[in-house]
Amino acid sequence: MTSRYFNKVRALTAAAIALVAFQMAPPAYSQDAAPPAAEAAPAAQAAPAAEAAAPAEATVEQRLADLESYFGNVGVGGSGDAAWSSKLKDVPGPGHNGWLMTCAALVLFMTLPGLALFYGGLVRKKNVLSVLAQCLGCAGMVTIIWWAVGYSLVFGKSFNSPFLGGTEFFFLNGVTSAPNTDYCYWVSQNVFCMYQLMFAIITPALIIGAIAERMKFTSIMLFIAIWMFVIYIPMAHMVWGVTGLMNGVWNGDAKITAIDFAGGTVVHMTSGWSALVLCIILGKRLGFGKEKMAPHSMVLCMVGTGMLWVGWYGFNAGSALSADGISANAFMTTTLAAATAGFVWGLTEKLLKGQASILGICSGIVAGLVVITPACGFVDATGAIIIGVLAAIVPYIFVMYVKRAVGYDDALDTFGVHAVGGTLGALLTGILATSKVNGNLTSVNTYADANGLAKSLEAGNGGLIMAQLSAIAITLVVSIVGTIVIAMIVKVVVGLRPTPEVETVGLDISEHGEEGYEH
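Being a predicted model, the structure only gives us computed values, none of them experimental.

**Quick look at the layout of surface pockets**
Point 1. One number sums up the size of the second largest pocket: a volume of about 710 Å³.
Point 2. Pro295, Leu359, Lys403, Ala411 and Asp413 are, among the 33 residues lining the second largest pocket, the residues nearest its centre.
Point 3. Every element with two or more residues in the lining of the second largest pocket is listed here: helix H3 (94–122), helix H9 (325–353), helix H10 (358–372), helix H11 (381–406) and helix H12 (414–432).
Point 4. Within the lining of the second largest pocket, the residues separate by chemical class into 17 nonpolar, 6 polar and 10 charged.

**Here we look at empty space enclosed by the protein**
Point 1. The computed volume of the second largest cavity comes to approximately 70 Å³.
Point 2. A per-class count over the lining of the second largest cavity returns 6 nonpolar, 2 polar and 1 charged.

**Considering the packing of H12 against helix H15 (residues 463–493)**
Relative placement of two packed helices is described by the angle separating their axes and the distance separating the axes.
Point 1. Direction vectors running N to C along H12 and H15 enclose 160 degrees, while the axes themselves pass 8 Å from each other. By the angle class used here, H12 and H15 are roughly antiparallel. Read as a crossing pair, H12 and H15 show a hand that is right-handed. In this structure, H12 contributes Thr423, Ala426, Leu427, Thr429, Gly430 and Ile431 to the contact, and H15 contributes Leu464, Ile465, Gln468, Leu469 and Ile472.
Point 2. Counted by class, the contact of H12 with H15 contains 7 nonpolar, 4 polar and no charged residues.

**Thoughts on the environment of Leu308**
Point 1. For Leu308, the position within the fold is in helix H8 (residues 298–316).
Point 2. Taking the relative accessible area as the measure of exposure, Leu308 reaches 3% and is therefore buried.
Point 3. Sequence separation between Leu308 and Leu106 is 202 residues; the distance between their C-alpha atoms is 8.9 Å.
Point 4. In contact with Leu308, other than residues within four places in its own chain, are Met110, Gly114, Leu115, Phe118, Val366 and Leu369.

**Notes on helix H4 (residues 128–155)**
Point 1. Spanning 28 residues, H4 covers only 36 Å between terminal C-alpha atoms, well under the ideal 40 Å at 1.5 Å per step.
Point 2. Of all the bends in H4, the largest measures some 65 degrees and sits at Trp146.
Point 3. Burial analysis of H4 places 21 of its 28 residues in the buried class, which makes it a mostly covered element.

**A closer look at the confidence of the model for the protein**
Point 1. Looking at the protein, pLDDT values average 90 and 89% of them are 70 or higher.
Point 2. Predicted confidence for residues 1–6 stays below pLDDT 50, and this span has 0 contacts to residues more than four positions away or in other chains.
Point 3. Here residues 11–50 is modelled with pLDDT under 50, and outside its nearest four sequence neighbours on either side it reaches 84 contacts, counting other chains as well.

Rules behind the numbers
- Residues numbered from 1 in each chain as written.
- Predicted model: local features only at pLDDT ≥ 70, side-chain atom pairs only at ≥ 80, totals over all residues.
- Heavy atoms only, no water.
- 1 Å grid on protein atoms, 1.4 Å probe; cavity = no way out; pocket = protein on both sides within 12 Å on 5 of 7 lines; lining within 4 Å.
- Points joined across faces, edges and corners; volume = space filled by probe spheres on them.
- Helix = DSSP H or I, 4+ residues; strand = E, 2+ residues; numbered from the N terminus.
- Nonpolar A, V, L, I, M, F, W, Y, C, P; charged D, E, K, R; others polar.
- Axes fitted to C-alpha atoms, helices over the stretch in contact; angles between N-to-C directions.
- Parallel < 35°, antiparallel > 145°, perpendicular 65-115°, else oblique.
- Left-handed = near helix turned anticlockwise from the far one by under 90°.
- Contact = heavy atoms within 4.5 Å.
- Buried < 20%, exposed > 50% of the residue type's maximum accessible area, 1.4 Å probe, protein only.
- Expected span 1.5 Å × (residues − 1).
- Bend = angle between axes of the 7 residues up to and from the residue.
- pLDDT = per-residue confidence, 0-100.

Next up, the structure:
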């Protein structure tokens, strides 16, 4: 009798926990589910009619269906005539929300201190603090821009434009803990906003690597401020915004049905190609090709690489915007590509030069992470290995041979790794993407069905590859032309380079009044 009594108590307790869970917890959409159909036009735009009846109060079965929606990472409350008044409407889900907060911290960790240490170790010791200051300055300034207008211009929709978002979220007005179901069913909009901010911070910070040791702090800050508006914000909306020109997965009206899971075009291509243009306009470092300019600390470089790799899980797996199967796949493919590329780069050095360097292995790891970024949520394990091999070989050629042949001073190989890697990744995504790991690429996703993405992938007619090439072309034009214009403006307003005397002494003392190391 006692045993039966406790069994009943356990059953009732489990049921109570399940019902309480309704109160906690909306697109990162699951790999087996599609987003809801677009909302009907407002009554004011339709013929006069009686007001629609309010949805009925949810039954126990419907509340259970809402709980299943949380685990399936889809919306709540049903749809159409079968809709009900869900108790979970506008309520974030604790698991998905907690995962994305963690991922936001991981992506910030990529910049501070990951990228700062990675780049800081690669410059000469007289310039190490200048790199750290530039990363810190970038983080602060971009955050203010994001709060004021950046988030709204990327992820708003009031303009109904394929190029820019809208004004509805200026100064983060209305950005609360309720989910913005245009993007995430179960993640608070303020968490989503902060997660996307971390992408906005690291993207311009990557440019620092190409122009390290020879650009004034004020010039870099002004360049990045303008660059955010001219290049990053439009590109981010075009690729990720719900009305974006190239958002093949979530915009049924997308004219270019490209796919970019975590930022191959938005992050790596824009920063990498801008870096190349800027370093050419800026000119070479004093003594380049004549003096030894070896990294001052490979230890810092390796530590920074490790931090970047760890943080990249937030970057890639977090871009599922939920803790679901797609996120798990991105976690796996990120690991495989990074490890493979690091090993293959080191092996290539051993075969061609007789030694596998720490710098080479670190460069390979970062290249693998870059190339897998746009593909991580769309390819399987074998695709990730293929990407890892190519991520080592192609950027290696540009870093070791093309740079020397052409003669540009890409100080820390931002172009060779990020521009080349991002471009390669965008192309390989079109070749290796499979709906077997991401159901959002199928006709179950009403948006991918409406714009033709699902059909082109299913038919295997090269439609996706052409869309990827179109996205690459647009990114190249925006990044190159935009950077030329911005650099000319900055040059006229505050100048670009410090004096030769300042550059010779080092930017740490001259620009910041400090030294990284005591003599």
